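Coordinate inspection notes
Letter by letter, the chains look like this.
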Amino acid sequence: MFIFSNKAAKEHKRLQKGTKTAMQKILDLISEEMKKAFEAAGYDAELGKVTLSNRPDLCEYQCNGAMAGAKKYHKAPLVIAQEVAEKLNESDVLSEVSAVAPGFLNMKVKESFVRDYLRQMRTDEKFGLQMPEQSKKIIIDYGGANVAKPLHVGHLRSAIIGESIKRICCYAGHDIIGDIHMGDWGLQMGLIITELQKRQPDLIYFDAAYEGEYPEEAPFTISELEEIYPTASAKSKGDEAYKAEAMEATYKLQSGVAGYRALWKHIMHVSVTDLKKNYDNLNVEFDLWKGESDVHDIIPGMVEQMKAGGYAYESDGALVVDVKKETDTKEVPPCMILKSDGAALYNTTDLATIMDRMEHYHPDKMIYLTDKRQELYFEQVFRCARKTGLVNEDTELVHIGFGTMNGKDGKPFKTREGGVMRLENLIREINEEMIRKIRENAETKGYEVDEKEAEETAKVVGLAAIKYGDLSNQASKDYIFDMDRFTSFEGDTGPYILYTVVRIKSILNKYTEQGGALTDAVIQEATNDSEKNLMREVAKFNAMMEAAYEEIAPHRICAYIYDLANAFNHFYHETKILTEEDAQKKAGWIALLALTKDVLEVCIDLLGFSAPERM
Ligand code: ARG
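Please read all numbers here as calculations on a predicted model, not as lab measurements.

1. Digging into the overall build of the chain
- Secondary structure assignment for the chain yields 21 helices and 13 strands.
- Seen along its three principal axes, the alpha-carbon backbone of the chain occupies a region of about 90 × 65 × 45 Å.
- Per-residue burial over the chain gives 53% buried out of 615 residues.
- Sequence-distant contacts in the chain: of pairs separated by 6 or more residues, those separated by 24 or more amount to 74%.
- Summing over all exposed atoms, the chain offers an accessible surface of approximately 28900 Å²; the carbon and sulfur share of this is 49%.
- Considering the chain, the positive charge centre built from 77 side chains and the negative charge centre built from 101 side chains are found 3 Å apart.

Take a look at the structure:
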């Protein structure tokens, strides 16, 4: 129904095209070199798999293949390792290859090899991430806002995680559609209409005889709407007659009574305009603003199809489809399609939405983001969709259930007074804390902050604090919302990452102010450990991205940029970059910084936030 053109989608289409490269992952290249050596020494090449060292104090990489080969070749593993090491004396990739008891191969990579790898990364639009042969069409169902009900922190995780997953899939070269899938058709609509009728019984919408056009202006504002719903909801809980009226109104709306439909459109318009504003503040943009109401008309056809196929049958007056399997270890109840009074349920709209999506978008995959308490529910829906043939055999259906955001007391996050925390209030609190920190930071560093700039910066950094605090945890886990920790400029936090980006930007700016040109700067071989360490961290980008996409795991990106930021800061504290006299060396560092910054900025964009110019 409400489909807005989408700036984010275009933006990500741009990010998506990328130059097709043949850049491999650095660990694969290193393994290849090792495999050649195994082969040259007369052993099975497959033994040459290299991993990151688990003793980074001793070496950078290691290979345990000689140990694995000992049995097969009836030889001491140390002897095999020595023979292989010898073959690597002249390697362009590896240095300091040593065979150590009982048979490990320890090694480092050549500085020149890492240099060349990073140079190539810098010329590649996606820093060496391979694009898929065949891109997939993926629908991401996230956000899940309910019309006319305020957004609360429960909706926050769905929006934050879903947005990041959408961006990751896009960047990985796939064709993505993000759908908010609003709750816009249920009892909450009937409640609002009922309450309105009590307050303004003379409204033209309630005149059954009226046949003219309805007013364009809604008979309420967003703040009235936000007050009407909770009032009506509370009334219905203690008043059976009131509730019955609301159900009747819901029924009338769904069966198409003109005045009710017209009111519904007003509720939708007022509410969606407000929702959009809220999601804009979160840097979350949907391609589709569809909802439960959009599939209302196709439900009867779908139900008929399920009956005709022999899948749906009556049980205690309700219409159900069995979805249990012999292999189930837990009870999986039947999927209910219609209630005994013939009304559609949450399931019904979800199934019809699947049918609708298959018909109009032909997705290869659908990913749903909700609270993990809906796990069993989605299991039922997915099984039912498969069984009744709503999807193709190879259409992937994935539910990502996330944990609860808790307060410091370990219980679901509440306001200080113990009520449900509204999203906008949470964001306001974070922003206030951020402004305080920015002022404090300016004071200790002894510079003036412009009030307006501080507010703008606080918004950008505050968003990073919230999103990073959420995304750095594995989605399925609960986490504690800790204002102090999330907004800190130190540690594994969003502000720390932004601080690092800002620091790099400032060095690069000074370099260009001194007359240097970033485009002329070329990455050089590392001359010390902290520099090489930073280079090796940067080089992990494509492998990390591949895993983040395959595992649908934004926390992978967080872990990577935290390591990368640490590696950069370490290097920065040990190196006087701008005062370096050797121009080529200095330009090499600048090029390394520019690449580090570009990688960090792409990563934070994939997490759904950005860095300010200063902070
Ligand atoms: N509106 C629902 C809620 O607030 C979430 C919708 C999730 N998506 C779906 N396709 N069921 O719980």
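2. Observations regarding the site of the ligand
- Around the ligand, a shell composed of Asp141, Gly144, Asn146, His155, His181, Tyr346, Asp350, Tyr368, Thr370, Gln374 and Phe378 is seen.
- Asp141 places a polar side-chain atom, nitrogen or oxygen, 3.0 Å from a nitrogen atom of the ligand.
- In this structure, a nitrogen atom belonging to the ligand sits 2.8 Å away from a side-chain N or O atom of Asn146.
- Coverage of the ligand by the protein amounts to 84% of the 350 Å² it exposes when considered alone.
- Structurally, the ligand is housed in the second largest pocket.
- Looking at the shell around the ligand, its residues break down into 3 nonpolar, 6 polar and 2 charged.

3. Things to note about the environment of Leu47
- Note on placement: Leu47 falls in the loop between α2 (26–40) and β1 (50–52).
- Note on Leu47: relative accessible area 15%, which makes it buried.
- Spatially, the C-alpha atom of Leu47 lies 55 Å from that of Gln305, the residues being 258 residues apart in sequence.
- Filtering out sequence-adjacent residues up to four positions away, Leu47 remains in contact with Phe38, Cys63, Gly65, Ala68, Gly69 and Tyr73.

4. Re the sheet that holds strand β4 (residues 104–109)
- Spatially, the 4 strands line up as an open sheet ordered β1-β2-β4-β3, and their pairing is antiparallel. This sheet does not close on itself; its edge strands, each paired only once, are β1 and β3 (94–100). Strand-to-strand twist in this sheet, taken as the mean axis angle between neighbours without regard to direction, amounts to 30°.
- As defined by bridge partners, β3 adjoins β4 across 5 bridges and the pair is classed as antiparallel.

5. Comments concerning the layout of surface pockets
- In this model, the largest pocket occupies a volume close to 880 Å³.
- Along the lines of polarity and charge, the residues of the lining of the largest pocket split into 14 nonpolar, 10 polar and 5 charged.
- In this structure, the second largest pocket spans a volume of roughly 730 Å³.
- No other element matches helix α6 (residues 153–171), which puts 5 residues into the lining of the second largest pocket.
- A class-by-class count of the residues in the lining of the second largest pocket yields 12 nonpolar, 13 polar and 7 charged.

6. Looking at the sheet that holds strand β8 (residues 318–321)
- The strand order across the open sheet formed by 3 strands is β7-β8-β9, and the pairing between neighbours is antiparallel. One side of each edge strand has no neighbouring strand; the edge strands of this open sheet are β7 (312–315) and β9 (335–338). Strand-to-strand twist in this sheet, taken as the mean axis angle between neighbours without regard to direction, amounts to 45°.
- Note: β8 against β9, 3 bridges, orientation antiparallel. Bridge assignment links Leu319 to a residue of β9, and that residue is Leu338.
- Lying over the sheet, helix α13 (residues 375–387) contacts β8 and β9, oriented at roughly 70° with respect to β9.

7. Comments concerning the packing of aromatic side chains
- Within the structure shown, the criterion is met by 24 aromatic pairs.
- By the ring-pair criterion, three or more aromatic residues cluster together here, those being Tyr346, Tyr368, Tyr377, Phe378 and Phe382.
- Here the basic side chain of Lys126 rests over the ring of Tyr171, its NZ or CZ set 4.6 Å away from the ring centre.

8. Things to note about the environment of Ala458
- Residue placement: Ala458 occurs in helix α15 (residues 451–471).
- Linking Ala458 and Arg436, residues 22 residues apart in sequence, is a C-alpha distance of 8.8 Å.
- Excluding anything up to four places from it in sequence, Ala458 contacts Asn431, Met434, Ile435 and Ile438.

9. Concerning the pattern of salt bridges
- On inspection of all chains with the given rule, the structure shows 46 salt bridges.
- What emerges from the salt-bridge pattern is a single network uniting Lys505, Lys597, Asp598, Glu601 and Glu613.

10. What to know about α2
- Taking 1.5 Å as the rise per residue, α2 with 15 residues should run 21 Å; its terminal C-alpha atoms sit 21 Å apart, in good agreement.
- Listing the buried residues of α2 in full gives Ile26, Ile30, Ser31, Glu33, Met34, Ala37 and Phe38. Down the axis of α2, the sector holding all buried residues measures 155°, keeping them to one side. When the buried face of α2 is taken as reference, the exposed residues oriented beyond 90 degrees from it are Lys36, Glu39 and Ala40.

11. Some thoughts on the environment of Phe382
- When you line up the elements, Phe382 lands in helix α13.
- Each C-alpha atom, one on Phe382 and one on Phe286, is 23 Å from the other, the two residues being 96 residues apart in sequence.
- With residues near it in sequence (within four places) discarded, Phe382 still touches Tyr368, Leu397, Val398 and His399.

12. Regarding unusual backbone geometry
- Here the bond from Ala101 into Pro102 is cis, since omega is 0°, no more than 30 degrees from zero.
- Structurally, Pro102 can be placed in the loop between β3 and β4.
- One non-glycine residue with positive phi stands out, namely His74, at about 45°.
- With respect to the element layout, His74 can be found in the loop between α3 (65–73) and α4 (77–86).
- Unlike most non-glycine residues, Phe127 shows phi in positive territory, near 50°.
- By secondary structure assignment, the location of Phe127 is in the loop between α5 (111–123) and β5 (137–141).
- Exposure remark for Phe127: the relative accessible area of 7% places this residue in the buried category.

13. Some details on the state of the cysteines
- Under the defined criterion, the tally for this structure stands at 0 disulfides.
- Counting only cysteine sulfurs, Cys59 is the nearest neighbor of Cys63, a cysteine outside any disulfide, at a range of 11 Å.
- A disulfide-free cysteine, Cys558 has its sulfur positioned 9.3 Å from the sulfur of Cys603, the nearest such atom.

Criteria and thresholds
Residues numbered from 1 in each chain as written. Predicted model: local features only at pLDDT ≥ 70, side-chain atom pairs only at ≥ 80, totals over all residues. Heavy atoms only, no water. Helix = DSSP H or I, 4+ residues; strand = E, 2+ residues; numbered from the N terminus. Buried < 20%, exposed > 50% of the residue type's maximum accessible area, 1.4 Å probe, protein only. Contact = heavy atoms within 4.5 Å. Areas by Shrake-Rupley, 256 points an atom, 1.4 Å probe, with all protein chains shown as cover. Lys, Arg positive; Asp, Glu negative; His and termini not counted. Charge placed at Lys NZ, Arg CZ, Asp CG, Glu CD. Near = heavy atom within 4 Å. Polar contact = N/O pair within 3.5 Å; in protein donor to acceptor, adjacent residues only side chain to side chain. 1 Å grid on protein atoms, 1.4 Å probe; cavity = no way out; pocket = protein on both sides within 12 Å on 5 of 7 lines; lining within 4 Å. Sits in = over half its atoms within 2 Å of the grid points. Nonpolar A, V, L, I, M, F, W, Y, C, P; charged D, E, K, R; others polar. Pairing = 2+ DSSP bridges. Axes fitted to C-alpha atoms, helices over the stretch in contact; angles between N-to-C directions. Points joined across faces, edges and corners; volume = space filled by probe spheres on them. Phe/Tyr/Trp six-rings, centres within 6.5 Å; stacked < 30°, edge-to-face > 60°. Lys NZ or Arg CZ within 6 Å of the ring centre and 35° of its normal. Salt bridge = Lys/Arg side-chain N within 4 Å of Asp/Glu carboxyl O. Expected span 1.5 Å × (residues − 1). Arc of directions from axis to C-beta. Disulfide = S-S within 2.5 Å.

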